[in-house]
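Structure assessment
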Amino acid sequence: LGEVFSTLESFATLESEQQAEIFAKTDGQVTAMRVEEGDVVAQGALIAEIGPEDKAIQLATARLKTDNARRELERAQATFARQMISEQDYEKLKSAADVAAMELKEAEWRLANTRILAPFSGKITERKIVVGKTVKPGEHLFTIASYDPLVARVFLPQKDLASIRLGQRALLAPESVPSEK
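Residues numbered from 1 in each chain as written. Predicted model: local features only at pLDDT ≥ 70, side-chain atom pairs only at ≥ 80, totals over all residues. Heavy atoms only, no water.

The next thing to look at is the overall build of the protein chain. Broken down by element type, the protein chain carries 2 helices and 8 strands. Counting helices and strands in the order they occur from the N terminus, the protein chain gives β-β-β-β-α-α-β-β-β-β. Computed over its C-alpha atoms, the radius of gyration of the protein chain comes to 29 Å, more than 25% above the 16 Å expected for a compact globule of 181 residues. By residue count, 25% of the 181 residues in the protein chain fall in the buried class. Once local pairs closer than 6 in sequence are excluded, the contacts in the protein chain between residues at least 24 apart make up 74%. Per element, the accessible surface of the protein chain, about 13100 Å² overall, is 52% carbon and sulfur. Taken together, the 24 basic and 28 acidic charged side chains of the protein chain have centroids lying 4 Å from each other. (Helix = DSSP H or I, 4+ residues; strand = E, 2+ residues; numbered from the N terminus. Rg over C-alpha atoms; globule rule 2.2 N^0.38 Å. Buried < 20%, exposed > 50% of the residue type's maximum accessible area, 1.4 Å probe, protein only. Contact = heavy atoms within 4.5 Å. Areas by Shrake-Rupley, 256 points an atom, 1.4 Å probe, with all protein chains shown as cover. Lys, Arg positive; Asp, Glu negative; His and termini not counted. Charge placed at Lys NZ, Arg CZ, Asp CG, Glu CD.)

Following this line, the structure appears as structure tokens:
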């Protein structure tokens, strides 16, 4: 006697295991488009740019403010140590230096986010922007999907689940050519 086989049939759609929508994190005009729908990109690849000019100016301004606030605080530390300024004035200068440092970090972040990068390797499945379009934070720019591996989500009746085991062999046949497995 030979082996006895039982089969279950179901329909499934092959889909990417990993897919993400890419949104703008900063505002500005799209100045460069590096990919089109269907292009395959590596993780970290530059896929678009938002005009960085105003963000670079904001960063330079934030650096100047931070340097000035730091110098004022250093001068105040010396005069505060000799009790020539009040603790309240010293704390105001310290707070101003902290705020300037945070504004600098924000300006660096805004400039860095003018470069739109692929979060993982995959295929650009949707492009929602064109060069010249002004985008706002939260605006959908691209969709990217990784098709390695593909996943088949198979739905079976609950009564058949007891006969399924991890590692069991499965055959897939495309609807267009059912003879190919």
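Moving on, we get to the pairing of strand S4 (residues 46-50). Within S4, 4 of the 5 residues are buried, which leaves it mostly tucked inside the rest of the structure. Sheet topology places strand S2 (residues 28-33) next to S4; 3 bridges connect them, and they run antiparallel. The partner of Ala32 across the bridge, within S4, is Glu49. Of the pairings in the sheet, the one linking S4 to strand S5 (residues 115-117) comprises 3 bridges and is antiparallel in character. Each residue of the ladder has a partner; that of Leu46, found in S5, is Leu117. (Pairing = 2+ DSSP bridges.)

Here we come to the sheet that holds strand S7 (residues 134-135). Hydrogen bonds between backbone groups are what pair the strands of a sheet, and the pairing can be parallel or antiparallel. Within the open sheet, the 4 strands sit side by side as S5-S4-S2-S7. Their pairing is antiparallel. Looking at strand neighbours, the two that pair on one side only are S5 and S7, the edges of this open sheet. Looking at chain direction, S2 and S7 are connected through 2 bridges and run antiparallel. Its bridge partner being in S7, Gln29 is matched across the sheet by Thr134.

Side chains of a nonpolar character, in soluble globular proteins, are inclined to be buried together. One finds Ile47, Ile116, Ile129 and Phe142 to be the most contacted residues of the largest nonpolar core, which totals 18 residues. The set of elements that each furnish at least two residues to this core consists of S2, S4 and strand S8 (140-154). Each residue touching Ile129, except ones within four places of it in the same chain, is listed here: Val30, Met33, Ala48, Val135, His140, Leu141 and Phe142. The next biggest cluster of nonpolar side chains, apart from the first, holds 6 residues, and it includes Ala69, Leu73, Ala76 and Ala97. (Core = buried A, V, L, I, M, F, W, Y, C linked by side-chain atoms within 4.5 Å.)

Glancing now at the packing of aromatic side chains. Per the stated rule, a full pass over the model turns up 1 aromatic pair. Taken together, a centroid distance of 4.6 Å and an interplanar angle of 10° make the contact between Phe80 and Tyr90 stacked. Placement of Phe80 in helix H1 (residues 53-81) and of Tyr90 in helix H2 (residues 87-112) is noted, with a sequence separation of 10 residues between them. Judged by its relative accessible area of 30%, Phe80 falls in the partly exposed class. Under the relative-accessibility criterion, Tyr90 is labelled buried at 12%. (Phe/Tyr/Trp six-rings, centres within 6.5 Å; stacked < 30°, edge-to-face > 60°.)

All right, on to unusual backbone geometry then. Backbone phi values are negative for most residues with the exception of glycine, while trans is the configuration of most peptide bonds. Residue Asp148 is joined to Pro149 through a cis peptide bond whose omega torsion reads 10°. One can find Pro149 in strand S8.

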